[in-house]
Amino acid sequence: MSSCVKYSAALAAVACTTYLGILLGQQHRRPSSVHGHGGHDAPHHGPPRPPRPSRRSAGDDDLDAAAADRHHIHAEPHSPELIQWGDWSAKGRFTKPPARPYSSDYPQLTNLWEIVQRWNPDNVSIPVPFRETLAVLNYSDPHERSLAEAYRNAEVPFKIYDVPDVEFARDQWTDVYLTEQFDRKGNQFKVEESTNNHFMYWRSPSASGRRAYPDWAPPTDIVHSTFADWLAFARGADDRELGPEAQHRYLMMGTPPLSALLRGSKVRRSHFVTKDLPCFTPGSENFFVTDVRKNKGIQCRFGMRGVIAEAHYDGGRNMVAMLRGAKRYILTPPTSCAHLNLIRDRKHPSFRHSEIDWSHHSAREAFSPESAGAIDTVLREGEILYIPSYWIHYITSLKYSIQCNTRSGSPPNHDGEADIGRCMGGEGMPKAALEKKKKKLRGAPGFHMTSGVIKDH
């Protein structure tokens, strides 16, 4: 009974907020139509937009449809982390390089210690002006979208904005809507709780992991919570300007891989995330999902002020959409792996994650070498960040935030695998790559591979 009362009170609070927003003329509106090709016509509030076509042709795919929607930028000058219509810079708070074709000297890297010393990860205040060094391109501009495709194919990080499906989700995912989806309709999620702002990834250890690490204990706790309770906690953290040493909570959820949703050429989108982000759940390859068969589904992370996800790498081309708030990403290429003290043993519950606290002065010794180069970027609401396969990333939520990402398989030339293989040994490479390497070496003079080297990823 008490949980019902708490839920009703929380829902009433967000409903009241929504009603006040309507009175102020700032309420997000739901779209008038959803087109059959899988993209959305996103609503808009703020300054006038350029003229828009009355209808998209039925044959348009995700890419071509976007060219007709070059107006999905919100205007809320009191929130500089938002991408705003007509002023990406948020009145000069952010700068970016001009749109230009990919060249081999991109990206420019800065020493990792300089980055974390200049802006400590425990500090959630964005330095102003913030200078973006990544390419930042307008997806709905055909020319800039073609530039973005070249950056993606070169397997380097970049950002895009003005993506119709992202703009739809930004408008759709109000507090009331999300509370309804999670607490009333029963969409599943989990909440982790930490005694401070650091969240080391972990999974339940296998039997061999328990034998290898008998004293291991989870770095965070999984706690029971309604979405409304978690949301109130996260919003309160912003209001109270919660510090790094206080208790933090991190909400996570995911959808099945595309292979489980495909019915012939059609995608069964029953979850609200797959419905609201169809560009991440296409029936065939598109700009965002380059290998449907190896897609890992959509993973969403609901962060609160100060939450840090420790440095790690993922196998697979990764598209990360920021739907609410902002996150800081520090990206470093696979060549930096040896300096980051990543956990190399696959049996360890936090395999492939760094044991270094990047916010502590002790990180200097590891990060000082010139080869430990990195990129510092703020992923703002309305942007998508491309993280190439095996690039290591360290993430700080700067306020209440929602980020959803989807990963495809490795690129055709398997960029990054060799660097990770040298750094992590056989443990860090996917099974397919190890099998290929084993076949190549088999028959060579003196070749011997012991049992147990080939392991599932």
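Scroll up a little and you will see the structure.
Undergrad: Help me get a handle on the overall build of the protein chain, residues and values and all.
TA: A tally of helices and strands in the protein chain yields 13 helices and 19 strands. Counting the 457 residues in the protein chain, one finds 54% classified as buried. For the protein chain, long-range pairs separated by at least 24 residues make up 80% of all intrachain contacts whose partners lie at least 6 apart in sequence. Here the protein chain displays about 20,500 Å² of accessible surface, and carbon together with sulfur accounts for 51% of that area.

Undergrad: Could you give an account of the pattern of salt bridges, naming the residues involved and the relevant values?
TA: In total, this model carries 15 salt bridges according to the counting rule given. Across the pair Glu 149 and Arg 152 runs a salt bridge whose closest N-O atoms are separated by 3.6 Å. Separated by three residues within a single helix, Glu 149 and Arg 152 lie in helix 4 (residues 142-153), roughly one turn from each other. Classification of Glu 149 by relative accessible area gives partly exposed; the value is 34%. In the salt-bridge network here, residues are joined through shared partners; they are Glu 167, Arg 170, Arg 324 and Glu 381.

Undergrad: So, the sheet that holds strand 15 (residues 326-332): which residues are in play, and what are the values?
TA: Pairing is mixed across the open sheet formed by six strands, whose spatial order is 2-16-15-18-13-7. Among the strands making up the open sheet, the edge pair consists of strand 2 (110-111) and strand 7 (198-199). For strand 13 (residues 308-313) and strand 18 (residues 392-397), the ladder comprises four bridges, and the chain directions are antiparallel. Across the sheet, His 312 pairs through a bridge with His 393, a residue of strand 18.

Undergrad: I'd love a proper account of helix 6 (residues 175-184), names of residues and values included.
TA: Along helix 6, the positions that sit buried rather than exposed are Asp 175, Tyr 177, Leu 178, Thr 179, Gln 181 and Phe 182. Just downstream of helix 6 lies Gly 186, where phi reads positive at about 80 degrees.

Undergrad: Quick one: what's the story with the packing of aromatic side chains, residue by residue and with numbers?
TA: Taken as a whole, this structure holds 28 aromatic pairs when the rule is applied. Arranged with centres 5.3 Å apart and planes meeting at 80 degrees, the rings of Phe 182 and Phe 189 form a pair that is edge-to-face. Overall, Phe 189 belongs to the partly exposed group, its relative accessible area being 23%. Counting every residue linked through ring pairs, the aromatic cluster contains Tyr 102, Tyr 106, Tyr 139, Tyr 151, Phe 158, Phe 280, Phe 287, Phe 288 and Tyr 386. Above the plane of the ring of Phe 287 lies Arg 152, whose end atom (NZ or CZ) is 5.2 Å from the centre. When the ring centre of Phe 94 is taken as origin, the NZ or CZ atom of Arg 380, which lies over that ring, is 3.9 Å away.

Undergrad: Describe the nonpolar core, with residues and values.
TA: Ile 160, Trp 173, Leu 178, Phe 288 and Phe 302 are the most contacted members of the largest nonpolar core, which totals 67 residues. When near neighbours in sequence (up to four residues on either side) are disregarded, Phe 288 contacts Tyr 139, Ile 160, Val 163, Cys 279, Phe 280, Met 319, Ile 384 and Ser 408. Counting 24 residues, the second-largest nonpolar core is a separate cluster that includes Val 116, Ala 374, Tyr 394 and Met 424.

Undergrad: Can you break down the state of the cysteines residue by residue, with the values?
TA: Note: disulfide means a covalent bond formed between the sulfur atoms of two cysteine side chains. Enumeration over the complete set of coordinates arrives at two disulfides. For Cys 300, the disulfide goes to Cys 404, at an S-S distance of 2.0 Å. Its S-S torsion of approximately 105 degrees makes the covalent link between Cys 300 and Cys 404 right-handed. With Cys 300 in strand 12 (residues 298-303) and Cys 404 in strand 19 (residues 401-407), this pair connects stretches of sequence that are 104 residues apart. Its relative accessible area of 0% is what places Cys 300 among the buried residues. Cys 404 gets classed as buried once you look at its relative accessible area, which sits at 0%. The side chain of Cys 337 participates in a disulfide bridge whose partner is Cys 423; the two sulfur atoms lie 2.0 Å from each other. Between Cys 337 and Cys 423, the S-S torsion sits near -70 degrees, and that sign places the bridge as left-handed. Placement of the pair is Cys 337 in the loop between strand 15 and helix 11 (364-367) and Cys 423 in helix 12 (residues 417-424), with a sequence separation of 86 residues. Neither Cys 337 nor Cys 423 differs from the other in exposure class; each is buried.

Undergrad: Explain the sheet that holds strand 17 (residues 383-387) residue by residue, including any values.
TA: Spatially, the nine strands line up as an open sheet ordered 4-5-17-14-19-12-9-6-8, and their pairing is mixed. Pairing within the sheet leaves two strands with one partner each, and these edge strands are strand 4 (136-138) and strand 8 (221-223). Between one strand axis and the next, the sheet turns through 25 degrees on average, direction left out of account. Pairing geometry for strand 4 and strand 5 (residues 158-161), over three bridges, is parallel. Following the sheet pairing, Leu 137 is matched in strand 5 by Ile 160.

Undergrad: An account of the side chain of Ser 350 is needed here, citing residue identities and associated values.
TA: Mapped onto the elements, Ser 350 comes out in the loop between strand 15 and helix 11. In this structure Ser 350 comes out as buried when scored by relative accessible area, which is 2%. If sequence neighbours within four positions are ignored, Ser 350 has contacts with Met 200, Tyr 201, Trp 202 and Ile 343.

Undergrad: With reference to specific residues and values, describe the pairing of strand 15.
TA: Remember that side chains alternate between the two faces of the sheet whenever the strand is regular. In terms of burial, strand 15 is largely enclosed, as seven of its seven residues are buried. Residues of strand 15 alternate between two faces, with Ala 326, Arg 328, Ile 330 and Thr 332 on one and Lys 327, Tyr 329 and Leu 331 on the opposite face, all of them buried. Alignment of strand 15 against strand 16 (residues 373-380), held across six bridges, turns out to be antiparallel. Each bridged residue has a counterpart across the sheet, and for Lys 327 the counterpart in strand 16 is Leu 379.

The rules behind each value
- Residues numbered from 1 in each chain as written.
- Predicted model: local features only at pLDDT ≥ 70, side-chain atom pairs only at ≥ 80, totals over all residues.
- Heavy atoms only, no water.
- Helix = DSSP H or I, 4+ residues; strand = E, 2+ residues; numbered from the N terminus.
- Buried < 20%, exposed > 50% of the residue type's maximum accessible area, 1.4 Å probe, protein only.
- Contact = heavy atoms within 4.5 Å.
- Areas by Shrake-Rupley, 256 points an atom, 1.4 Å probe, with all protein chains shown as cover.
- Salt bridge = Lys/Arg side-chain N within 4 Å of Asp/Glu carboxyl O.
- Pairing = 2+ DSSP bridges.
- Phe/Tyr/Trp six-rings, centres within 6.5 Å; stacked < 30°, edge-to-face > 60°.
- Lys NZ or Arg CZ within 6 Å of the ring centre and 35° of its normal.
- Core = buried A, V, L, I, M, F, W, Y, C linked by side-chain atoms within 4.5 Å.
- Disulfide = S-S within 2.5 Å.
- Axes fitted to C-alpha atoms, helices over the stretch in contact; angles between N-to-C directions.

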